[in-house]
Amino acid sequence: GAVVSQHPSRVICKSGTSVKIECRSLDFQATTMFWYRQFPKQSLMLMATSNEGSKATYEQGVEKDKFLINHASLTLSTLTVTSAHPEDSSFYICSGLRDFQETQYFGPGTRLLVL
Amino acid sequence: GQQLNQSPQSMFIQEGEDVSMNCTSSSIFNTWLWYKQDPGEGPVLLIALYKAGELTSNGRLTAQFGITRKDSFLNISASIPSDVGIYFCAGLKAGTALIFGKGTTLSVSS
């Protein structure tokens, strides 16, 4: 149990376009989902906390208008990178919080390359 | 953002050797988690610790939640080539997001 999927696994886009990444908890309900970004050879850095049915909470330095997060159901959260630029190229990973265990389960990640 | 102090940063060992890595923090956590990440993949949960002093095993892996709630260690016994990867500790306080260590890169030579 506690499986999280992400789609797409890899995406290449042109600068200025928008990209949507989906995060789904497949076998549990996640009232809270988290979005992380990981640059090469670095640890995961939290971007935002997404609560079902409410606005996401963004970490300092993360532009909420650029990284749009929607958590419309207990099993789906989406991250949209708007007007992507090459510096947005990174590995984006989501996680779902399994409340009763206070444990986060991670998706497989989405590799974004902006040309 | 805030990060935990994880050491060592990297390890190069021979197959069959035991490995130990640890994380420390200046603040208290309610939960300590250990993850392994393979290249191009998301982190996979190895062990979760919920109580101070708790010692938990998962196969060849053993982890402990420090008594002070400010530290945790992970041991891997009799390492094998597939243990190669990056190991992250993560601390969780109630109502907050995970805080990650910088990772320990493990290389195992056969």
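This write-up is about the structure you can find in this document. (Residues numbered from 1 in each chain as written. Chains lettered and ligands numbered in written order. Predicted model: local features only at pLDDT ≥ 70, side-chain atom pairs only at ≥ 80, totals over all residues. Heavy atoms only, no water.)

## Some remarks on the overall build of chain B
The following threshold applies: Strands here are runs of E lasting at least two residues and helices are runs of H or I lasting at least four, both read from the DSSP assignment and numbered beginning at the N terminus. Between the two quantities, the radius of gyration covers C-alpha atoms and the globule rule is 2.2 Å times the number of residues to the power 0.38. For each residue, the accessible area found with a 1.4 Å probe, counting protein chains only, is set against the maximum for its type, and the residue is called buried under 20%, exposed over 50%, and partly exposed in between. In this analysis, two residues are considered to be in contact whenever any of their non-hydrogen atoms come within 4.5 Å of each other. Accessible surface is estimated by sampling points in the Shrake-Rupley manner with a 1.4 Å probe; for residues, cover comes only from the protein chains shown.
Each helix and strand counted, chain B has 0 helices and 11 strands in total. Element order for chain B, N to C, with α for helix and β for strand: β-β-β-β-β-β-β-β-β-β-β. Here chain B has a C-alpha radius of gyration of 13 Å; the compact-globule value for 110 residues is 13 Å, and the two agree. Its C-alpha atoms give chain B principal-axis dimensions of roughly 40 × 30 × 20 Å. Taking all 110 residues of chain B together, the buried fraction comes to 44%. Pairs at least 24 apart in sequence give 53% of the contacts found in chain B among residues at least 6 apart. A total accessible area of about 5100 Å² is found for chain B, and carbon and sulfur atoms account for 52% of it.

## Notes on the interface of chain A and chain B
It is common to give the size of an interface as the accessible area that goes away when the parts come together. Keep this limit in mind: By definition, the buried area sums, over both parts, the 1.4 Å-probe accessible area that each loses when the two are put together. Every case where a carboxyl oxygen of Asp or Glu lies within 4 Å of a side-chain nitrogen of Lys or Arg is listed as a salt bridge. Counted as a polar contact is a pair of N or O atoms within 3.5 Å, where, for protein atoms, one must be capable of donating a hydrogen and the other of accepting one, and residues adjacent in sequence contribute only when both atoms are in side chains. Classification used: nonpolar for Ala, Val, Leu, Ile, Met, Phe, Trp, Tyr, Cys and Pro, charged for Asp, Glu, Lys and Arg, polar for all others including Gly.
On the side of chain B, 21 residues touch chain A, which itself brings 21 residues to the contact. When the buried area of chain A at its contact with chain B is split by residue, Ser43(A), Glu102(A) and Phe106(A) rank highest and sum to 32% of it. Taken together, the connections running from chain A to chain B amount to 0 salt bridges. The interface formed by chain A and chain B holds 4 residue pairs in polar contact (both at pLDDT 80 or more) in total. Elements with a minimum of two residues in the side of chain A that touches chain B: strand S4 (32–38), strand S5 (45–51), strand S9 (90–98) and strand S10 (103–106) of chain A. In terms of residue count, the dominant contributor to the side of chain A that touches chain B is S10(A) (4 residues). Of the residues that constitute the side of chain A that touches chain B, the class distribution is 10 nonpolar, 9 polar and 2 charged.

## Let's talk about the sheet that holds strand S8 (residues 76–81) of chain A
All names here are of chain A. Stated precisely, the cut-off is as follows: Two strands pair under a simple rule: DSSP has to find at least two bridges between them. In this analysis, axes come from line fits to C-alpha atoms, helices being fitted only over the stretch in contact, and the angle between any two N-to-C directions falls in the range 0 to 180 degrees.
Ordered by their spatial adjacency, 4 strands build an open sheet running S1-S3-S8-S7, and the pairing between neighbours is antiparallel. Lying at the two open borders of the sheet, with one neighbouring strand each, are strand S1 (4–7) and strand S7 (67–73). Between one strand axis and the next, the sheet turns through 15° on average, direction left out of account. Note: S1 against strand S3 (residues 19–25), 4 bridges, orientation antiparallel. Each residue of the ladder has a partner; that of His7, found in S3, is Glu22.

## Examining the layout of surface pockets
Rules: Every definition here rests on a 1 Å grid over the protein atoms only: cavities are sets of points where a 1.4 Å probe fits but cannot get out, pockets are open sets enclosed by protein on both sides within 12 Å along at least five of seven lines, and lining residues have some atom within 4 Å of a point. Grid points are joined across faces, edges and corners, and a volume is the space filled by probe spheres set on the points.
Empty space within the largest pocket amounts to approximately 610 Å³. Along the walls of the largest pocket sit 26 residues, with Pro40(A), Lys41(A), Gln42(A), Ile86(B) and Thr105(B) positioned nearest its centre. Breaking the lining of the largest pocket down by element, the ones donating at least two residues are strand S9 (85–92) and strand S11 (104–109) of chain B. Here the lining of the largest pocket is composed, by residue class, of 9 nonpolar, 13 polar and 4 charged.

## As for the environment of Gly103(B)
Looking at the element boundaries, Gly103(B) is found in the loop between strand S10 (99–100) and S11. C-alpha separation for the pair Gly103(B) and Tyr35(B), spaced 68 residues apart in sequence, amounts to 9.4 Å.

## Here we look at the state of the cysteines
Residues and elements named next belong to chain B. Going by this rule: The rule for a disulfide is simple: a pair of cysteine sulfur atoms within 2.5 Å.
Using the criterion set out here, one finds 2 disulfides over all chains in the structure. One disulfide in the model links Cys23 with Cys89; its S-S distance is 1.7 Å. Measuring handedness by torsion sign, the sulfur bridge of Cys23 and Cys89 sits at about -80° and is left-handed. On the criterion of sequence distance, the pair formed by Cys23 in strand S3 (residues 19–24) and Cys89 in strand S9 is long-range, its members being 66 residues apart. Cys89 shares its class with Cys23; the two are buried.

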